Amino acid sequence: MQACPAELNYARYLTELNQPRADKTAYIDDNRRMTYGELATRVSTFAGLLKNLGIRREERILLVMHDTIDWPVVFLGALHGGVVPVAVNTLLTAEDYAYMLEHSRAQAIFTSPALLDTVQQAVSQSSNEVRHIVVAEGGNTLPAGIDSFESLMDRAPQESAVNTKADEIAFWLYSSGSTGQPKGVVHCHANLWHTAELYGKPVLGLKEDDVVFSAAKLFFAYGLGNGLTFPLSVGATVVLMGERPTPDAVFKRLTQHKPTVFYGVPTLYASMLASPNLPARTDVKLRVCASAGEALPKDLGDRFTRHFGCYILDGIGSTEMLHIFISNQAGDVRYGTTGKPVPGYEIELRDDHGKPVPAGSIGDLYIKGPSAAIMYWNNRAKTRETMLGDWLKSGDKYVCDAEGYYTYAGRSDDMIKVSGQYVSPVEVENVLIEHESVLEAAVIGVTDDQGLVKTTAYVVLREGKTADGGIETELQAYVKSQLAPFKYPRTIHFVNELPKTATGKIQRFRLRQRQEQ
Ligand code: 3SK
């Protein structure tokens, strides 16, 4: 493998690499198509648009947009111009975005028509001065003060790429923690290059003639590699989907565009297999699939392969490492495990004293590899806790067997991973206890009979309140109204008291033990 060039603007690198295939389709979304030639033109034009708006090199912009062909234009166009895109989850609340605006001091927001109201609320709640709000996807009847992406693009000149270093800050993503606010994970240009060279090309075996489709959206580190870095680094075609990844929405793209590579998360694979509309093997053209976000249960993998005749390569990555660093690999799939370290990454499992644990024992997962984030923005304490010289502590517990296969053993903290997205128990508990009927609450993840993790709450009701009359549904609706809806507890148990330490801290591990009995 070649070394990563020291001078690297990753957007220019992709544009130059794909120059020979200017007429080939790079992206297909729900309404439009874009060739590699058009992508190159729009990326350099977007850099001109940013310059026209007065956004300068190293300033940040917030990218809160649904997956359409405009998403890669904004992301790569910012990199091309040396501006730093902060790509964020489209499912969050105005409060979440207000925090991210203040924390990142984003100068402009690029968004989708359906997200505009929430974004405007966020701007009014934040003390950060956002200079421009721009709406993509042809939002034509826009409120005063809001710009249309297309009109700005029409007026912008093409700009040449700025000469960035491989180690220069390229973009940020946000990662949630068990307490406190989300952390701004800062990545450089080189990190994108490394994930494609170490995982996209060798593990997935991506080639120019592949058509890829990721149910995980581009704003996730997983989706960014799946739907941008990897396919564009080989000149493949990408199918994008704006809507939520329901089984039917996925089936529509699998049968219409016939992708050869599909990326999902275990909960989605489970609901696809349970659906009466599951397409036949002959209706799709899948060569290989990938899974991440949470451990893929063995039975799901077996059933999927029996039906479609192709393997799901289950792996684990992180926002901090940018993509997958342990994975099952073609010709060596062991369902029920996460597989082996991706060549180029080193893995260690360590005990509480930092010493390596023997095969068969559970340890904390540490990773060493070239795609690691530079830091958490403005958070030296968390950076120091997680990024330890060459090594990064993932916060997951793993066990490695004598043959070198790694199996997930849970989170090191109380964080819950539901359908590939972290849910902080504290955040959900804080909302529950705001409800007039609730005295105390504790939230944990519980594995269902399919092996998938679901959020579960234990609630102590206030005196005089009883656990009947639809209170469970009412509390679920309340959480959904206050937080991103994926965070609501799927089950609520009403109890008389919660297990606590002598100092009054909730012992969530005791609730987890109770579930296992
Ligand atoms: O959740 C994962 O395993 C993952 C995979 C790739 C990139 C990012 C993440 C969080």
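How each quantity is defined
- Residues numbered from 1 in each chain as written.
- Predicted model: local features only at pLDDT ≥ 70, side-chain atom pairs only at ≥ 80, totals over all residues.
- Heavy atoms only, no water.
- Buried < 20%, exposed > 50% of the residue type's maximum accessible area, 1.4 Å probe, protein only.
- Helix = DSSP H or I, 4+ residues; strand = E, 2+ residues; numbered from the N terminus.
- Pairing = 2+ DSSP bridges.
- Near = heavy atom within 4 Å.
- Polar contact = N/O pair within 3.5 Å; in protein donor to acceptor, adjacent residues only side chain to side chain.
- Areas by Shrake-Rupley, 256 points an atom, 1.4 Å probe, with all protein chains shown as cover.
- Contact = heavy atoms within 4.5 Å.

Trainee: Describe the pairing of strand β9 (residues 183-188), with residues and values.
Mentor: Burial within β9 is extensive, with 6 of its 6 residues counted as buried. Residues Lys183, Val185 and His187 line one face of β9 and the alternating positions Gly184, Val186 and Cys188 line the opposite face, and both faces are buried. Pairing of strand β8 (residues 169-175) with β9 involves 6 bridges; the strand directions are antiparallel. Considered in β9, the bridge of Leu173 is made with Val185. Alignment of β9 against strand β19 (residues 375-376), held across 2 bridges, turns out to be antiparallel. For Val186, the partnering residue across the bridge sits in β19 and is Met375.

Trainee: Mind laying out the site of the ligand, listing which residues take part and the relevant values?
Mentor: Every residue lining the ligand is accounted for by Ala221, Tyr222, Ala292, Gly293, Ile316, Gly317, Ser318, Thr319, Leu322, His323, Ile324 and Lys417. At 3.2 Å from an oxygen atom of the ligand is found a main-chain nitrogen or oxygen belonging to Gly293. Within the backbone of Gly317, a nitrogen or oxygen atom sits 2.9 Å from an oxygen atom of the ligand. Out of a free accessible area of 280 Å², the ligand has 94% covered by protein chains.

Trainee: Before we move on, could you go through the side chain of Arg42 and cite the residues and values that matter?
Mentor: Its place among the elements puts Arg42 in helix α2 (residues 36-52). Engagement of the side chain of Arg42 in a polar contact is seen with the side chain of Glu150, the distance being 2.7 Å. Ignoring sequence-local partners within four residues, the contact set of Arg42 consists of Met34, Asp70, Val73, Phe149, Glu150 and Met153.

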